[in-house]
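So the chains spell out like this:
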Amino acid sequence: MAPAQVEETPSKTVQELPKNYIYKGGDAGTLGTSPSYIDIPTIDFSLLSSPTCGKKELEKLCSALTSWGCVQIINHGIDPAFMDKVDEVGKQFFGLPLEEKKKYARENGSYDGYMNHIIDSKDQAFDWIDRLHLVTKPEDKRQLKLWPENPQSFREILHEYTAKIEKLNEMLLKAIARALNLEENCFLDMYGEEASMLSIFNLYPPCPRPDLAIGLKPHADASVFTYLIQDKEVEGLQFQKDDQWYRVPVIPGAFVINVGDQIEIMSNGIFKSPIHRVVTNTERGRMSLVMFCFPNPNKEIEPVKGLVTGTRPRLYKTMKDYTSIVVENYQKGRRPIEAAKI
Ligand code: OGA
Ligand code: NI
């Protein structure tokens, strides 16, 4: 479905809220500007295990994750036609009347469901966004009553998509180990089995004042890696490097993958979890789907042995249930990764 569907049905949630959307963060002055494109390579994922070109592609991957903390990948084994289906069920859901969407509304005490606003403290502005937040793994943590039944194929597609990303994430964890000349399973073993996955469908409706409101405030992800399907036609995601913002081009069929705090810890800071944000525009709605991969909360994570050396001392503590420290730290106005540093 074309994003026109989104334009025709701009979110009523955002319009309904008589709250203050005027964003006053330190980067507010750069809203409504059009920064340069990010300089990251597009990695051909199918080449990573090739005996002939694998090494070069692994180097490209490693260098992008080291310098920017993000990369775009193609030929990742997930059929772009299937990605379109995932995108389509998301857009169909957001296109439903508000009353229908509210059947899946978030309940108190849980983050899952529709209409999530991540408000870290009372004096913050709202993000110009509607979200559908669903834990997809482990399966016994799924709140199926909040998984839309409209469109009918939604649950099945999200289930299938979760399995595909789980596999891709395993391949990536192995690839980065090879890229760093480490034992192939060192990250994967620490990540462990019974991991957690969280999917969030984000809808950024057209916004009358993209210079004043923000789609998603600057943040870093608490995941190991984050897998993003961007809107195929509408840009909006930006990454920060050396205090500058850079926008991410749209490459249909590609994933944007970014380093999360937990792989920063496991890589002893070689890969940095980048700050990113989403800006809005007046013309067109944008939908994205993020999938966050987290280790099981009972699993301890720490820098892998091979990356702690005489010249590179250990920089991070052993952490467990990292996501539980996230909210607490944001409320104090500091990045959770700071709490993990030695
Ligand atoms: C997020 C995020 C980016 C986007 O949900 O954490 O960074 O493009 N989303 O929606
Ligand atoms: Ni993010």
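Up top is the structure these notes are about.
Only a predicted model underlies this, so the values are computations on that prediction, with no experimental measurement involved.

Here we come to the environment of Asn75. Inspection of the secondary structure assignment puts Asn75 in the loop between strand S2 (70-74) and helix H4 (80-94). Sequence separation between Asn75 and Trp147 is 72 residues, and the spatial gap between their C-alpha atoms is 29 Å. Leaving out residues up to four positions away in the same chain, Asn75 has contacts with Asp44, Phe45 and Ser46. Among the polar contacts listed, one links the side chain of Asn75 to the side chain of Asp44, at a separation of 3.1 Å.

Here we come to the sheet that holds strand S9 (residues 244-247). Taken together, 4 strands build an open sheet; the order of strands is S6-S11-S8-S9 and the sheet is antiparallel. Of all strands in the sheet, those with a lone pairing partner are strand S6 (216-219) and S9, marking the two edges. Looking at each pair of strands side by side, their axes are set apart by 25° on average, direction ignored. Pairing geometry for S6 and strand S11 (residues 276-278), over 2 bridges, is antiparallel. Each bridged residue has a counterpart across the sheet, and for His219 the counterpart in S11 is His276.

Let us look at the packing of helix H3 (residues 54-67) against helix H6 (residues 154-179). Here H3 crosses H6 at 95°, and the two axes come no closer than 9 Å. Between H3 and H6, the angle is such that the two are roughly perpendicular. For the pair H3 and H6, the contacting residues are Leu58, Leu61, Cys62 and Leu65 in the first and Leu172, Ala175, Ile176, Arg178 and Ala179 in the second. Broken down by class, the residue content of the contact of H3 with H6 amounts to 8 nonpolar, no polar and 1 charged.

To continue, consider H3. For H3, which comprises 14 residues, the first-to-last C-alpha distance of 20 Å matches the rise-based estimate of 20 Å (1.5 Å per residue) to within 8%. Tucked into the core, H3 has its buried residues touching strand S1 (42-44), S2, H6, strand S7 (225-229) and strand S10 (255-259). Phi turns positive one or two residues past the end of H3, at Gly69, with a value near 80°.

What follows is about the coordination of the nickel ion (ligand 2). At 2.1 to 2.2 Å from the nickel ion (ligand 2) lie its protein donor atoms, namely His219 (NE2), Asp221 (OD) and His276 (NE2). Within one chain, the residues donating to the nickel ion (ligand 2) are spaced in sequence as H-x1-D-x54-H. For His219, a relative accessible area of 17% puts it in the buried group.

What follows is about the site of ligand 1. Taken together, 14 residues lie near ligand 1, and Arg131, Tyr204, His219, His276 and Ser288 sit nearest. Within the side chain of Asp221, a nitrogen or oxygen atom sits 3.3 Å from an oxygen atom of ligand 1. A distance of 2.6 Å separates an oxygen atom of ligand 1 from a polar atom in the side chain of Ser288. Burial of ligand 1 by the protein amounts to 97% of the accessible area it has alone, namely 290 Å². Looking at the shell around ligand 1, the element that brings in the most residues is strand S12 (residues 286-294), giving 4 residues.

With that settled, the discussion passes to the side chain of Ser199. Along the chain, Ser199 falls in strand S5 (residues 196-204). Not counting residues within four places of it along the chain, the set of residues in contact with Ser199 comprises Leu132, His133, Leu134, Thr136, Leu158, Leu289, Val290 and Met291.

Another aspect to go through is the packing of H4 against H6. Interaxial distance between H4 and H6 falls to 10 Å at its minimum, and their mutual angle equals 135°. In terms of their interaxial angle, H4 and H6 are classed as oblique. Handedness of the crossing formed by H4 with H6: left-handed. Within the contact between the two elements, H4 uses Phe82, Lys85, Val86 and Val89 and H6 uses Phe154, Ile157, Glu160, Tyr161 and Lys164. Among the residues forming the contact of H4 with H6, the class breakdown is 6 nonpolar, no polar and 3 charged.

Moving on, we get to the nonpolar core. Generally speaking, soluble globular proteins have nonpolar side chains that are buried together. Within the largest apolar cluster, 92 residues are counted, with the highest numbers of intra-cluster contacts made by Phe187, Phe225 and Phe255. Here this core gets 11 residues from one element, more than from any other, and that element is H6.

What counts and what doesn't
- Residues numbered from 1 in each chain as written.
- Chains lettered and ligands numbered in written order.
- Predicted model: local features only at pLDDT ≥ 70, side-chain atom pairs only at ≥ 80, totals over all residues.
- Heavy atoms only, no water.
- Helix = DSSP H or I, 4+ residues; strand = E, 2+ residues; numbered from the N terminus.
- Contact = heavy atoms within 4.5 Å.
- Polar contact = N/O pair within 3.5 Å; in protein donor to acceptor, adjacent residues only side chain to side chain.
- Pairing = 2+ DSSP bridges.
- Axes fitted to C-alpha atoms, helices over the stretch in contact; angles between N-to-C directions.
- Parallel < 35°, antiparallel > 145°, perpendicular 65-115°, else oblique.
- Nonpolar A, V, L, I, M, F, W, Y, C, P; charged D, E, K, R; others polar.
- Expected span 1.5 Å × (residues − 1).
- Donors = N, O, S within 2.8 Å, 3.2 Å for Na, K, Ca; no water.
- Buried < 20%, exposed > 50% of the residue type's maximum accessible area, 1.4 Å probe, protein only.
- Near = heavy atom within 4 Å.
- Areas by Shrake-Rupley, 256 points an atom, 1.4 Å probe, with all protein chains shown as cover.
- Left-handed = near helix turned anticlockwise from the far one by under 90°.
- Core = buried A, V, L, I, M, F, W, Y, C linked by side-chain atoms within 4.5 Å.

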